[in-house]
Each structure stands twice: as structure tokens, then as C-alpha cells.
Amino acid sequence: MSDLDDIPLEPRLVTHAADVGPMVRLRRREQSLRIDDAAALTKVSVDLFSRLENGKGSVRFDKLLRVLDGLGLALVVGPKDHPWMQSVSRPRTQRPEQP
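I will try to describe carefully the structure that is included in this document. This structure is a prediction, so every number in the text was calculated from the model and none was measured. (Residues numbered from 1 in each chain as written. Predicted model: local features only at pLDDT ≥ 70, side-chain atom pairs only at ≥ 80, totals over all residues. Heavy atoms only, no water.)

1. Notes on the nonpolar core
Let me state the cut-off plainly: Nonpolar core, defined: a set of buried Ala, Val, Leu, Ile, Met, Phe, Trp, Tyr and Cys residues in which side-chain atoms within 4.5 Å join the residues together. Here's how the labels work: a residue is buried when its accessible area is under 20% of the maximum for its type, exposed when over 50%, partly exposed in between, all with a 1.4 Å probe on protein chains only. We count a stretch as a helix when DSSP gives it H or I for four or more residues in a row; a strand needs E for two or more, and each element gets its number in order from the N terminus. Only heavy atoms matter for contacts: two residues are in contact if any of them lie within 4.5 Å across the pair.
Residues Val20, Val24, Ala38, Ala39, Val44, Leu48, Phe49, Leu52, Leu64, Val67, Leu68 and Leu71 constitute the largest nonpolar core, which totals 12 residues. Secondary-structure elements contributing two or more residues to this core are helix H1 (20–30), helix H2 (35–42), helix H3 (46–54) and helix H4 (61–70). Once residues lying within four places of it in the same chain are set aside, the contact partners of Val20 are Val14, Leu52 and Leu64.

2. A word on the packing of H3 against H4
Using the following cut-off: The angle between two axes is taken between their N-to-C directions and runs from 0 to 180 degrees, where each axis is a line fitted to C-alpha atoms and a helix contributes only its stretch in contact. Just so you know how the angles are binned, under 35 degrees is roughly parallel, over 145 roughly antiparallel, 65 to 115 roughly perpendicular, and the rest oblique. Here the term charged refers only to Asp, Glu, Lys and Arg, the term nonpolar to Ala, Val, Leu, Ile, Met, Phe, Trp, Tyr, Cys and Pro, and the term polar to all other amino acids, Gly among them.
Running from N to C, H3 and H4 cross one another at 85°; their axes reach a closest spacing of 11 Å. By the criterion of interaxial angle, the relationship of H3 to H4 is roughly perpendicular. Residues Leu48, Phe49 and Leu52 of H3 lie in contact with H4, whose contacting residues are Lys63, Leu64 and Val67. Considered class by class, the residues forming the contact of H3 with H4 number five nonpolar, no polar and one charged.

3. Overview of a nonpolar patch on the surface
Applied cut-off: A patch consists of residues exposed above 30% relative accessible area that lack any salt bridge, with like charges linked at up to 9 Å and nonpolar side chains (Val, Leu, Ile, Met, Phe, Trp, Tyr) linked at up to 5 Å. Residue burial considers only the protein chains on display, and all accessible areas are found by Shrake-Rupley using a 1.4 Å probe. Every case where a carboxyl oxygen of Asp or Glu lies within 4 Å of a side-chain nitrogen of Lys or Arg is listed as a salt bridge.
On the surface, a nonpolar cluster with roughly 420 Å² of combined accessible area is contributed by Phe61, Leu65, Leu75 and Val77. Within the secondary structure layout, Val77 lies in the loop between H4 and helix H5 (83–87).

In C-alpha cells form, the structure reads like this:
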């Protein structure tokens, strides 16, 4: 399981390609989609979808955009110093501590 599996999906600053996969997996699971159903919905192969979720191998940019759009996610590009961009949380690298 990923460090993001127990964290609600919210806007995050992506600094590494591997940061996208856990967000895609979380969104797919929120929609109760099996990986093969999500792949069919977004018109990509199960292999590509799996590689994307697991951060293994490369995924063409157009395919990434297709998956994001199909799951209701968006890619936002803007200046790092913009106030909204500054407010976006960074990916968490550790699970929150349990009480």
C-alpha cells in the first residue's frame, strides 16, 4: 500500500512522476472501479494503467491526460510563486501518526 492510500484526495504538488500513481489509484478506488474497468473507460491498456499507478516504466503524456480526464482529475500548470500554487499541499512521504 502507498503512503497516500489513507489520505483523502486533494490537490497536491507533483514533484516526481511517481507522485501521480497513488493519486490515480485513490481516485479509481473512490469510484469503485476495478483496474480493467478503469482502463476500458479511459481507453488505455490495463498494463499502462498498472504502470501508471505503480510508477513503473514510462507513460506517454497524452495517455496520462486521457486517464486523468477519464477519472475526473485535472493537471494544472502555473508559476511556482503564484499564491494558489503555494497553497497546494506537497505529497506526503510518511503516514500521519496514529493517536
